[in-house]
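Fold and contact review
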Amino acid sequence: MESNKSDPRPHELPIIGISASVGIGKSHTCHETIVQPVVAQGHPVTIAVPTHALGDEIAHKLKKVGISSLVYRGRKAADPNAPGKTMCRELERVEAIEKANWDVSRGACKSGGYKCPFYSVCGYQQQRGVSAQVHIVPHQLLFLERPGFIPKPYCLIIEESFWQASLRGVGQPYSLSLDLLSEKLTVPERDEMGGQEDAPSTKRLPQMSNTVRTALAREDVGRIRRLHLETCITADMALAAEKLEWRRKKQLGVHPGMPIDQVKRATRAVASHNSDVIHLARFWKLVAQTINAPDERSPWLELDGDEEAKEIRMSWREDIHVTWRAPTLILDATMQEDTIKVFFPTAMPVERVTAPMSYTYVRQIRDRPMAQSMLVPSEAANERTNRTRSNNVARVRRFLEVRAASVFPDKVLVVCQEKLESELRKGQLPHNLEIAHFNAIRGRNEWQNVALIILIGRTEPSPSDVEKIARALFGAEVKQIWPDDKGGVRYTPIRRGARLRGGRGIAMEGHHHPDPRAEAVRWSICEAELL
């Protein structure tokens, strides 16, 4: 970490990844050998985590050794100092301003002599005044500009897998109508958002938009071909169009403390327009990336719909914001080196640290699937199917009761899919049993002393979803699994080995994607969540 003293160029910053076995104390060692000495020298440290729960756990441990810390929370998070309240007390106002794609701080908090009536009790604002040696932030914040009250980190520590926080347009569709490119567009003068018209730009932007729309209207549905774009526009022209689109964003005339009905009227007047502007600006940026990419088809842009109504679907990866740039240590037991290189191209080779777990015994049920469709009732299923699923949940609950009783008074941890967790919580569970769901347990140590862990099912997205994620993450083409003779799209079966307690090995069949990048994504979402 000494290299930070001279504030080196980005390529000179040390980026170190350590993949250590679960439960061997990698976080504790990091805090003891890096955080404590750095803080003792008066330097600020930032730790990025996947959940507030893990952040609170780390803050508690740091407090024991005399280190002050702050767990950053967004406006919509629960306020730990005000039970039953959120960090922001005016979420209705915040959400209306967010829909208009406007600056929430200016429109709802404090600006131009106006101040929110809840400003003095607002948890979101109060955290800005807390002096801390270590700031603990969610992974999502790494892809946004660093808040001004968080000091530039002397070193950045990223705990657990963070890449999923970078994805956009993968879980929730991010799309725009192709017809939006043919609408009449007015570009205001530079630096006059919503002001007087810039006639040359107002002429230029629609010309580029209509040219691209005409080309894409002839394109078949599916991922957009680079040739269809580069024959009608250059990457530089697309980036120029992106800048012009941003100038079309309308200002929002609201201020903190304004009556909420007035705020809603004002935001409704510009929300749709500003949303279109932001979607179009992103489209032009991805067009430029597509033209500059070597692949025949865009990893980021896809046409959907029919001849009468087509839409452009977008998915991409954000980079870690430059304001977080610092010597970085990444700690993740399931680290994929290729994924780390996407965000940190100059990262050193990942250090692998393993330890035997002779005290642990694993029993795996291999001949019985535990799919969510077997256990969770749904509105789409008929009454008979839902009754069977509910009965299966009751059987699982009885099994858990027996296993919990076998280790009482020690504790049991059950990890399953979130919907099954909700179903199990509807009935009574043993007092010595705790339950959590996949994607919410990474790095947390409060269960380190449980006597038994029961994993039910696993998360595994479809091959097409994995391929879409891989394209967005790596910004490159991946091999596609095509439908079989029966029309099904299935992973390639592969035989893997498992070592039994006596040392003997056994062959087991598992899933595999033939593309290395897509397989890295599938493994991170599926097997890695079981570790």
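Residues numbered from 1 in each chain as written. Predicted model: local features only at pLDDT ≥ 70, side-chain atom pairs only at ≥ 80, totals over all residues. Heavy atoms only, no water.

A separate point is the overall build of the protein chain. Across its full length, the protein chain carries 14 helices and 20 strands. A compact globule built from 531 residues should have a C-alpha radius of gyration of about 24 Å, and the protein chain, at 26 Å, falls within 12% of that. Burial statistics for the protein chain: of 531 residues in total, 47% are counted as buried. If you take every contact in the protein chain between residues at least 6 apart in sequence, the share linking residues at least 24 apart comes to 71%. By element, 49% of the accessible surface of the protein chain is carried by carbon and sulfur atoms, the whole surface being about 28,400 Å². Measuring between centres, the 75 positive side-chain charges of the protein chain sit 4 Å from its 65 negative side-chain charges. (Helix = DSSP H or I, 4+ residues; strand = E, 2+ residues; numbered from the N terminus. Rg over C-alpha atoms; globule rule 2.2 N^0.38 Å. Buried < 20%, exposed > 50% of the residue type's maximum accessible area, 1.4 Å probe, protein only. Contact = heavy atoms within 4.5 Å. Areas by Shrake-Rupley, 256 points an atom, 1.4 Å probe, with all protein chains shown as cover. Lys, Arg positive; Asp, Glu negative; His and termini not counted. Charge placed at Lys NZ, Arg CZ, Asp CG, Glu CD.)

Another aspect to go through is the nonpolar core. By size, the foremost hydrophobic cluster in this structure holds 44 residues, and its most contacted members are Ile158, Phe162, Ile320, Phe343, Phe344 and Val521. Looking at this core, the elements with two or more residues in it are β7 (155-159), α10 (337-343), α13 (463-474) and α14 (516-525). In terms of residue count, α13 provides more of this core than any other element does, six residues in total. In this structure, Phe343 is in contact with Phe143, Phe162, Trp163, Ser166, Arg317, Glu318, Ile320 and Leu473, ignoring residues within four places of it in sequence. Formed by 33 residues, the second largest nonpolar core is a distinct cluster that contains Tyr174, Val212, Ile278 and Trp300. (Core = buried A, V, L, I, M, F, W, Y, C linked by side-chain atoms within 4.5 Å.)

So, on to the environment of Ile453. Within the secondary structure, Ile453 is located in strand β18 (residues 452-455). For the pair Ile453 and Val412, spaced 41 residues apart in the sequence, the C-alpha separation amounts to 5.8 Å.

This paragraph deals with the sheet that holds strand β10 (residues 222-225). Pairing is antiparallel in the open sheet, where four strands are placed in the order β9-β12-β11-β10. Among the strands making up the open sheet, the edge pair consists of β9 (174-177) and β10. Averaged over all pairs of adjacent strands, the angle between strand axes in this sheet comes to 40 degrees, irrespective of strand direction. In this sheet, strand β12 (residues 310-314) lies alongside strand β11 (residues 297-305) in antiparallel orientation, the contact comprising five bridges. Residue pairing across strands places Glu302 opposite Arg313, the latter belonging to β12. (Pairing = 2+ DSSP bridges. Axes fitted to C-alpha atoms, helices over the stretch in contact; angles between N-to-C directions.)

This paragraph deals with the sheet that holds β18. The sheet built from three strands is open, its strands ordered β17-β16-β18 with parallel pairing. The strands lining the two open edges of the sheet, one partner per strand, are β17 (433-437) and β18. Recorded for the sheet is a direction-independent mean angle of 20 degrees between the axes of neighbouring strands. Taken together, the four bridges between strand β16 (residues 412-416) and β18 define a ladder with parallel strand orientation. In the strand pairing of β18, Val412 is matched with Leu452. Relative to the sheet, helix α11 (residues 383-407) contacts β16, β17 and β18, its axis offset from that of β18 by approximately 165 degrees.

For any pair of aromatic rings, the description rests on two quantities: the centre-to-centre distance and the angle between the ring planes. This model, assessed by the stated rule, comprises seven aromatic pairs. Among the aromatic residues, those joined into a cluster by ring pairs are Phe143, Phe162, Phe343 and Phe344. If you follow Arg317 out to its NZ or CZ, it ends over the ring of Phe343, 5.6 Å from the centre. A cation over a ring is seen here: Arg522 above Tyr491, with NZ or CZ 5.9 Å from the ring centre. (Phe/Tyr/Trp six-rings, centres within 6.5 Å; stacked < 30°, edge-to-face > 60°. Lys NZ or Arg CZ within 6 Å of the ring centre and 35° of its normal.)

A separate point is the pairing of strand β14 (residues 328-331). The two faces of β14 match: Thr328 and Ile330 on one face and Leu329 and Leu331 on the other face are all buried. Bridge analysis of strand β1 (residues 15-20) against β14 gives four bridges, and the strand direction is parallel. Following the sheet pairing, Ile15 is matched in β14 by Thr328. Here β7 runs beside β14; their pairing, made up of four bridges, is parallel. The partner of Ile158 across the bridge, within β14, is Ile330.

Here we come to unusual backbone geometry. Of note, the bond from Phe408 into Pro409 is cis; its omega dihedral lies within 30 degrees of zero at 10 degrees. Tracing the sequence through the fold places Pro409 in the loop between α11 and β16. Phi at Asn101 takes a positive value of approximately 55 degrees, unusual for a residue other than glycine. Looking at the element boundaries, Asn101 is found in the loop between α3 (91-99) and α4 (104-109). The phi dihedral of Glu160 is positive, around 75 degrees, even though this residue is not glycine.

It is the contact of α11 with helix α12 (residues 418-425), at a shortest axis distance of 10 Å, that shows an interaxial angle of 75 degrees. It follows that α11 is roughly perpendicular to α12 by the angle criterion. Residues Val393, Val396, Arg397 and Leu400 of α11 pack against Leu420, Glu423 and Leu424 of α12. Of the residues that constitute the contact of α11 with α12, the class distribution is five nonpolar, no polar and two charged. (Parallel < 35°, antiparallel > 145°, perpendicular 65-115°, else oblique. Nonpolar A, V, L, I, M, F, W, Y, C, P; charged D, E, K, R; others polar.)

This part takes up the confidence of the model for the protein chain. Residues at a pLDDT of 70 or more form 96% of the protein chain, whose mean pLDDT is 90. For the stretch residues 1-10, pLDDT sits under 50, and the model shows 16 contacts to residues farther than four places along the chain or on other chains. (pLDDT = per-residue confidence, 0-100.)

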